[in-house]
Amino acid sequence: MKKNYKYETHPNYIVKKPKLLYIDRYGKIYPDCKTYITPPICHISDSNVLKTINDTFFGVGQTGIFNMITIEVSSLCHANCFYCFQKDQHRSEKYQYYDLLLPLLKQIKCYWLFFSGGEILIQKDAMEFMEKIRKVCPDNWIHLKTNGNADLDAILFVEQTCDSLMVSFNGFSSASYNMIMQLDIYKTIRFCETLISNRKVNVGLKFLNSPAVISEAPSFLEWALSKKAQCVVIQTAYNYIVEDEGKSTRINSTFDNCNETYWNDIYIRVSTMLNAILEKNKDNVNCGFNYLTADKELFQLLSISEENQKLIRTDGVYVIE
Ligand code: SF4
């Protein structure tokens, strides 16, 4: 499916209702991005799994192309984020379905294959599986979701196996990053900067905004834009209830119940700083790199100018290819 699409013509950027498939870490297959609003359509171990998937999306006996298939492997991770939605009772267990996944992915057509943990860069079996997928699906765009807190050895794996990756930051100072994720931010920054300067894969940089770190959003944005990442994202962090068997439910934004008298002044100052950075960089965004995405909550929380809002996608799509 890799065809060097342009921003204006890529099927995943112009489609109104993308065809999404989510294969979760327990082998359940969802017809969306696993919001749990829709129940799974089948399980990867079902005998008629491919037919069920195709019939559900394209009509009985038909086939077609998915915009994105997300594959979630084990939730094993070396971080310990406050608002992780994958901390269930099976967190340290290995993923069971690689043998079924390989032939299935080989037969389904899609533009993007998204891999997600836990943290894949500490899971040897997941990395070996992705290397196999790279060989059997050479034309698929392979994307990795990661916390990026990896040794430089992992760079070789990423460059040989992936087309793109998105690195999430739950803060942009050593103190807040360590408080929320219990990791060293300098390791993550070194990993990202090395990958970006090598220019072999497309790198997305995502800031997860929360009351503890909102004052760091401007320094994150300034850094990310200066590096000329492919994609730069600011997204509100949410709290989740995670059930023992893996089901996670979004309960509220981390900004809910923030006392207005105190927080309004902070929002105003952060807005002023973000507006100034966007204004300064307006010719340096959405132009082959630095594609900007934010969620709509950002504009409800902060006062981003109309001109600056026009620079930012809010439809949830990351321009990563
Ligand atoms: S990096 Fe991701 S998977 Fe790991 S603890 Fe944080 S939110 Fe959870």
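Residues numbered from 1 in each chain as written. Predicted model: local features only at pLDDT ≥ 70, side-chain atom pairs only at ≥ 80, totals over all residues.

A. Summary view of the overall build of the protein chain. Within the protein chain, the regular secondary structure consists of eleven helices and 13 strands. By the compact-globule yardstick of 20 Å for 321 residues, the protein chain fits well, its C-alpha radius of gyration being 20 Å. In the protein chain, which comprises 321 residues, the share counted as buried stands at 37%. The contacts of the protein chain with a sequence gap of at least 6 include a subset with a gap of at least 24, amounting to 71%. (Helix = DSSP H or I, 4+ residues; strand = E, 2+ residues; numbered from the N terminus. Rg over C-alpha atoms; globule rule 2.2 N^0.38 Å. Buried ≥ 20, exposed ≤ 12 C-beta atoms within 10 Å, placed from the backbone. Contact = placed C-beta atoms within 7 Å.)

B. Spatial organisation of helix H7 (residues 185–198). For H7, spanning 14 residues, the distance from its first C-alpha to its last is 20 Å, which sits close to the expected 20 Å at 1.5 Å a residue. Where H7 is concerned, the buried positions are Ile185, Thr188, Ile189, Phe191, Cys192 and Leu195. Taken down its axis, H7 places every buried residue within 160 degrees of arc, on the same side. Looking at H7, the residues exposed on the side facing more than 90 degrees away from the buried face are Tyr186, Ser197 and Asn198. In this structure, the buried side of H7 is in contact with helix H5 (153–161), strand S7 (164–169), helix H6 (174–181) and strand S8 (202–209). A positive backbone phi angle near 60 degrees is found at Arg199, which sits one or two residues after H7. (Expected span 1.5 Å × (residues − 1). Arc of directions from axis to C-beta.)

C. A look at the packing of helix H3 (residues 98–107) against helix H4 (residues 124–136). Direction vectors running N to C along H3 and H4 enclose 25 degrees, while the axes themselves pass 10 Å from each other. With respect to their mutual orientation, H3 and H4 come out roughly parallel. For the element pair H3 and H4, the recorded crossing hand is right-handed. Here Tyr98, Leu102, Leu105 and Lys106 of H3 come into contact with H4, specifically with Asp125, Phe129, Lys132, Ile133 and Val136. For the contact of H3 with H4, the per-class residue count stands at six nonpolar, no polar and three charged. (Axes fitted to C-alpha atoms, helices over the stretch in contact; angles between N-to-C directions. Parallel < 35°, antiparallel > 145°, perpendicular 65-115°, else oblique. Left-handed = near helix turned anticlockwise from the far one by under 90°. Nonpolar A, V, L, I, M, F, W, Y, C, P; charged D, E, K, R; others polar.)

D. Structural detail: the packing of helix H8 (residues 217–227) against helix H9 (residues 260–280). Running from amino to carboxyl end, H8 crosses H9 at an angle of 10 degrees, the nearest separation of the two axes being 9 Å. Looking at the two axes, H8 sits roughly parallel to H9. Contacts from Ala217, Pro218, Leu221 and Glu222 in H8 reach Val270, Met273, Leu274 and Ile277 in H9. In the contact of H8 with H9, the residues fall into seven nonpolar, no polar and one charged.

E. Region of interest: the site of the ligand. The environment of the ligand is made up of Cys77, Ala79, Asn80, Cys81, Cys84, Gln86, Gly117, Gly118, Glu119, Asn147 and Met181. Of the residues in the shell around the ligand, the class split is five nonpolar, five polar and one charged. (Near = placed C-beta within 6 Å.)

F. A look at unusual backbone geometry. For the bond from Gly117 to Gly118, the omega torsion is 10 degrees, close enough to zero to count as cis. For Gly118, the location among the structural elements is in the loop between strand S5 (109–116) and H4. Residues other than glycine seldom take positive phi values, yet Gln182 does so here, at roughly 60 degrees. You can see Gln182 is positioned in the loop between H6 and H7. The partly exposed category is assigned to Gln182, around which 13 C-beta atoms lie within 10 Å. Positive phi, close to 50 degrees, is recorded for Asn286, a residue that is not glycine. Here Asn286 shows up in the loop between H9 and strand S12 (291–294).

G. Molecular detail of the sheet that holds strand S13 (residues 312–313). The eleven strands lie next to each other as S3-S2-S1-S4-S5-S6-S7-S8-S9-S12-S13, forming an open sheet whose pairing is mixed. In this open sheet, the two strands that pair with only one neighbour each are strand S3 (42–43) and S13. As judged from the two bridges shared by strand S2 (residues 28–30) and S3, these two strands associate in the antiparallel manner. Each residue of the ladder has a partner; that of Lys28, found in S3, is His43. (Pairing = 2+ DSSP bridges.)

H. Seen up close, the pairing of strand S4 (residues 65–72). One ladder, built from four bridges, connects strand S1 (residues 20–23) with S4; its direction is parallel. Looking across to S4, one finds that Tyr22 is bridged to Thr70. Taken together, S4, H3 and S5 constitute a β-α-β crossover, and its handedness is right-handed. (Right-handed = clockwise from strand over helix to strand, strands pointing away.)

I. Seen up close, the nonpolar core. Counting 79 residues, the largest nonpolar core has Leu113 and Val232 as its most contacted members. For Leu113, the contacting residues outside a window of four places in its chain are Ile69, Ile71, Leu105, Ile133, Cys137, Asn140, Trp141, Ile142 and His143. (Core = buried A, V, L, I, M, F, W, Y, C linked by C-beta atoms within 7 Å.)

J. Molecular detail of the environment of Trp223. As for its position among the elements, Trp223 is in helix H8. A sequence separation of 51 residues divides Trp223 from Phe172, and the C-alpha atoms of the two residues are 9.7 Å apart.

K. Structural context of the pairing of S1. The sheet contact formed by S1 and S2 spans two bridges and is antiparallel. Bridge pairing in S2 places Ile23 opposite Ile29. Joining the antiparallel neighbours S1 and S2 is a turn of four residues, in which Gly27 adopts a positive phi near 85 degrees.

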